[in-house]
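Fold and contact review
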Amino acid sequence: MTNETTEKQNQKDHALAQLLIHAPRNNAGGYGAEVTLEELALLNEGKLSEQRREQVLGQLDSNPALYEIWQGSQEMASHAESLNLEASTEANRTSKQAAPSLLEQISHFLSDLFSWQGAFATSFGIALGVILMSQTGLDSSNSDSDFGQGIAMQAPIQAPQKASTDHVGSIAPTQEIAKVEVLRIEGNTVHLKVILTTGEEINETYVYKPGKQ
Amino acid sequence: MSTNWSALVFSEKFMAALEHQAAKKIIGDIAAKDEAVTYVIEKLSENDWQRCKVHNGDSSPSSFLYLISSNLIVEYTRKKFGRIRPPEWLKREGPFWVTLWQEVCMNRLLEQTVIDRHCSNSSGSGREPFTVKNIIRTIKAKLPWCGVSNMPESMDDEANAEKNYQAEGGTISDELRRESFEEFLQLAQLMLADEPSEIEQDENQKAISGKICALVESLDMTNEEQLMLRMHYVDGLSHSAIARALGVAKHIPVRQNKKVLQRLQEALAQHNLELE
């Protein structure tokens, strides 16, 4: 019975909303200058002024094509964010798993060193472990960096690609890259020209594999 | 500081997000989806990342990149599949309704499959099953041939097609809204009907439509209120997804939507107007 009432109410809300959504706007002031993609990005980051924000929201409401693009970008950001969270959870789990083994090693070491003081060594090991674990926890909680401004912009080009692509060519990891040009793209394969700081030019091929961690 | 666009584009997260979005836009055609991904990367990297370099640095490079990419995916689908011709009223409801129409009426997918597709956690869209179900119900009520193999391509005649609101980027004018309000009033009545059937179009109905239209117009809603309604009731987004998208507190969208609907309900009651 309650479900039926809720469903009826929901249908009524939907019907009323239809009218509000499709009624004339009575917007004499208009929506200001046509919104740019840069402004939409600013809207997503909450950086638009109050007045401009209201105008941009009006344009999004009245222009289905613009709304579609904006929604698409929201979904992409949300998907990337969920990957960030997954990676952060995984990093947390790994660091938590690693901590006891370190604790074990230190306990063993102390136990060997002070074999006649076994009890002392164990308690010292546990105390040290607590400190180490809390330290690791702090580090991993900071590891969730913004991918736009952190990893992707500052890391060398090998770093983000290693995780998602099969590297067919070869560059020594210590060499510095000055410039990368995309030569062509064939399906999931990207052909790049990599120019090193030494002036040397290398042709590289990357095969993108979706979903590969 | 200049942005390393190639590193950003070829990062694991961006590529995964791009794949995900292309798969959402292109249903059941893996080759076309891959082609869309390639198209976006080619366009982004064209002329030494010129499209990306337009970015003036006020917003973060990743936010900007998502927007250009989303734009390019839409561009690709239009080029590849052309403009599909759903009825005009359906296009006015926005791209999500067109997608549902395509899946349920054209591709004849099962209703539950479509709901699962759009409301699962992995879809990342934050849509509510009830809203999606309600939209499908409305489409089916309005288009009885939906899902039938020999259905017409479009219910619109040529004259109506001329009133196209320019799906490629036009803004819907108030004049057009007034002209077609009656159609949406019928749609609202269909939503309330237990057994959907065609609503009669008579002079009385026209007069009521005119009154309600003027009443709704006089409510003087803000653009934010209108967009929040659209996001929830037309696009099927959950209130938390709306709050995230608009950068407001979680409780704001649900509260605002309720308040606005209440205002309309009170105004209708004051004028002795009923939807049913």
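The coordinates are above.
Figured I'd write up the structure that's included with this text. If you're wondering where the values come from, they're calculated on a predicted model, not measured in any experiment. (Residues numbered from 1 in each chain as written. Chains lettered and ligands numbered in written order. Predicted model: local features only at pLDDT ≥ 70, side-chain atom pairs only at ≥ 80, totals over all residues.)

1. Describing the overall build of chain A
Across its full length, chain A carries seven helices and four strands. Mapped in sequence order, the helices and strands of chain A form the string α-α-α-α-α-α-α-β-β-β-β. The buried share of chain A, reckoned over its 213 residues, is 28%. Residue pairs in contact within chain A that sit at least 24 positions apart in sequence constitute 39% of those at least 6 positions apart. (Helix = DSSP H or I, 4+ residues; strand = E, 2+ residues; numbered from the N terminus. Buried ≥ 20, exposed ≤ 12 C-beta atoms within 10 Å, placed from the backbone. Contact = placed C-beta atoms within 7 Å.)

2. Digging into the overall build of chain B
Scanning chain B from terminus to terminus reveals 14 helices and zero strands. When contacts within chain B are restricted to residue pairs at least 6 apart in sequence, long-range pairs at least 24 apart make up 64% of them.

3. Details of the nonpolar core
Ranked by size, the top nonpolar core spans 91 residues in total, and within it A:L19, A:L20, B:V40 and B:L100 carry the most contacts. With eight residues, the single largest contributor to this core is helix α4 (residues 61-81) of chain B. Among residues more than four places away in sequence, those in contact with A:L19 are B:F184, B:L185, B:A188, B:I212, B:V216 and B:L264. (Core = buried A, V, L, I, M, F, W, Y, C linked by C-beta atoms within 7 Å.)

4. Structural notes on helix α2 (residues 12-25) of chain B
Taking 1.5 Å per residue as the helical rise, α2(B) with its 14 residues ought to reach 20 Å, and the 20 Å between its terminal C-alpha atoms agrees with that figure. Counting buried positions along α2(B) yields 12 of 14 residues, so the element is predominantly enclosed. (Expected span 1.5 Å × (residues − 1).)

5. Structural notes on the packing of helix α2 (residues 37-44) of chain A against α4(B)
Where α2(A) contacts α4(B), the two axes come as close as 9 Å, and the packing angle between them is 125°. Our classification of the angle between α2(A) and α4(B) gives oblique. The chirality of how α2(A) crosses α4(B) is right-handed. Counted together, A:L37, A:E38, A:L40, A:A41 and A:N44 of α2(A) and B:S63, B:F64, B:L67, B:I68 and B:N71 of α4(B) form the full contact between these two elements. Grouping the constituent residues of the contact of α2(A) with α4(B) by class yields six nonpolar, three polar and one charged. (Axes fitted to C-alpha atoms, helices over the stretch in contact; angles between N-to-C directions. Parallel < 35°, antiparallel > 145°, perpendicular 65-115°, else oblique. Left-handed = near helix turned anticlockwise from the far one by under 90°. Nonpolar A, V, L, I, M, F, W, Y, C, P; charged D, E, K, R; others polar.)

6. Considering the interface of chain A and chain B
Across the boundary between the two partners, chain A contributes 73 residues, which contact 85 residues of chain B. Among the elements of the structure, α1 (2-22), α2, α3 (50-62), α4 (64-113), α6 (151-154), α7 (158-164) and β2 (177-186) of chain A are those that each provide at least two residues to the side of chain A that touches chain B. The greatest single-element share of the side of chain A that touches chain B, amounting to 19 residues, is contributed by α4(A). Counted by class, the side of chain A that touches chain B contains 37 nonpolar, 26 polar and 10 charged residues.

7. Side note on the environment of B:L143
Relative to the helices and strands, B:L143 is located in the loop between α8 (129-142) and α9 (158-162). With 42 residues separating them in the primary sequence, B:L143 and B:W101 have C-alpha atoms 9.6 Å apart.

8. So, helix α12 (residues 223-234) of chain B
All names here are of chain B. In a regular helix each residue adds 1.5 Å, so 12 residues correspond to 16 Å; α12 covers 15 Å between its end C-alpha atoms and thus fits that length. A large share of α12 lies buried, amounting to 11 of its 12 residues. Listed in full, the buried residues belonging to α12 are N223, E225, Q226, L227, M228, L229, R230, M231, H232, Y233 and V234. Backbone geometry just after α12 places G236 at a positive phi near 75°.

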